[in-house]
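Coordinates in review
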Amino acid sequence: MTRSDLVVQLAERFGQLTHRDTEFAVKTILDAMSDALARGHRIEIRGFGSFSINRRHPRVGRNPRSGEQVVIPEKLVPHFKPGKALREAVDEKMPATDNAASGV
């Protein structure tokens, strides 16, 4: 699902909202979440999951072309952890197959 798919689905579900209002609401929510994560805050949406920031420590990697060692600096990356209700809902809707279980 893309952002525009979400806007269309919400506009259809809530007929009193215009497409423009729905687009503004989705943008506002996503911007607020991005700002909170950028300030280092944790976001928890009960029944859905939580967003937090993980720190990747600096490390030494290799340039795949030349093979020379490269220092990769520390960085902060967003992390999502699904809540129990979301995990169970996905597990219910998506039957496990032999390929998925074996990692193929």
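Let me sum up the structure you'll find in this document. Small disclaimer: the values here were computed from a predicted structure and weren't measured. (Residues numbered from 1 in each chain as written. Predicted model: local features only at pLDDT ≥ 70, side-chain atom pairs only at ≥ 80, totals over all residues. Heavy atoms only, no water.)

**Let's talk about the environment of Gln-69**
Cut-off, in case you're wondering: Per the convention used, a helix needs a DSSP run of H or I reaching at least four residues, while a strand needs a run of E reaching at least two, with both numbered from the N terminus. Residues are treated as being in contact if the distance between any of their heavy atoms lies within 4.5 Å.
Assignment of secondary structure puts Gln-69 in strand β4 (residues 69–72). Between the C-alpha atoms of Gln-69 and Arg-87, which are 18 residues apart in sequence, the distance is 40 Å. Other than its neighbours up to four places away in sequence, Gln-69 contacts Val-60, Gly-61 and Arg-62.

**Re the sheet that holds strand β5 (residues 75–82)**
Definition in use: If DSSP finds at least two bridges between two strands, the strands pair. Angular values range over 0 to 180 degrees, each being the angle between N-to-C directions of two axes fitted as lines to C-alpha atoms, with helices fitted over their stretch in contact.
Spatially, β1-β2-β5 is the arrangement adopted by the three strands of the open sheet, whose pairing is antiparallel. Only two strands of the sheet have a single partner each, and these edge strands are β1 (43–45) and β5. Averaged over all neighbouring strand pairs, the angle between strand axes comes to 25°, with direction disregarded. Where β1 meets strand β2 (residues 49–56), three bridges bridge the pair, whose relative direction is antiparallel.

**Here's the deal with the nonpolar core**
Inclusion rule: We call a set of buried Ala, Val, Leu, Ile, Met, Phe, Trp, Tyr and Cys residues a nonpolar core when their side-chain atoms join them within 4.5 Å. Only protein chains enter the accessibility calculation, which uses a 1.4 Å probe; a residue whose area is less than 20% of its type maximum is buried, one above 50% is exposed, and one in between is partly exposed.
Listed in full, the five residues of the largest apolar core are Met-33, Ala-36, Leu-37, Ile-43 and Phe-51. For this core, the leading source of residues is helix α2 (residues 19–38), giving three residues. Look past the residues within four positions of Ala-36 in its chain and what remains in contact with it is His-41 and Ile-43.

**Some words on the layout of surface pockets**
Put simply, the rule is: Grid points spaced at 1 Å over the protein atoms alone were grouped into cavities, where a 1.4 Å probe fits but cannot get out, and pockets, open sets with protein on both sides within 12 Å along at least five of seven lines, with lining residues defined by an atom within 4 Å of a point. Grid points are joined across faces, edges and corners, and a volume is the space filled by probe spheres set on the points. Under the scheme applied, nonpolar residues are Ala, Val, Leu, Ile, Met, Phe, Trp, Tyr, Cys and Pro; charged residues are Asp, Glu, Lys and Arg; polar residues are all the others, including Gly.
Put simply, the largest pocket is a space of about 240 Å³. Around the largest pocket, the lining residues are Leu-6, Leu-10, Val-26, Ile-29, Leu-30, Met-33, Ile-45, Phe-48 and Phe-51. Elements with a contribution of two residues or more to the lining of the largest pocket: α1 (3–13) and α2. With four residues, the single largest contributor to the lining of the largest pocket is α2. Split by residue class, the lining of the largest pocket holds nine nonpolar, no polar and no charged.

**Here's the deal with a nonpolar patch on the surface**
Stated formally: Patches draw on residues past 30% relative accessible area with no salt bridge. Two like charges within 9 Å are joined, as are two nonpolar side chains (Val, Leu, Ile, Met, Phe, Trp, Tyr) within 5 Å. Only the protein chains shown count as cover for residues, with accessible areas throughout obtained via the Shrake-Rupley method and a probe of 1.4 Å. The salt bridge criterion pairs a side-chain nitrogen of Lys or Arg with a carboxyl oxygen of Asp or Glu, the two atoms within 4 Å.
A contiguous nonpolar patch, built from Ile-45, Phe-48 and Phe-80 and spanning about 230 Å² of accessible area, is present on the exposed surface. In this structure Ile-45 comes out as partly exposed when scored by relative accessible area, which is 36%.

**A closer look at the packing of α1 against α2**
This is how the line gets drawn: Oblique is the label for any angle not under 35 degrees, not over 145, and not in the 65 to 115 range, which are roughly parallel, roughly antiparallel and roughly perpendicular in turn. Crossing handedness is read from the near helix: turned anticlockwise from the far helix by less than a right angle, it gives a left-handed crossing, and turned clockwise, a right-handed one.
Two numbers describe how α1 lies on α2: the axes approach to 9 Å, and their chain directions differ by 130°. Here α1 is positioned oblique relative to α2, judged by the angle of their axes. In the packing of α1 onto α2, the handedness of the crossing is right-handed. Between α1, through Arg-3, Leu-6, Val-7, Val-8, Leu-10 and Ala-11, and α2, the contact on the second element is made entirely by His-19, Thr-22, Glu-23, Val-26, Lys-27 and Leu-30. Considered class by class, the residues forming the contact of α1 with α2 number seven nonpolar, two polar and three charged.

Any functional reading would require information that these geometric values do not contain.
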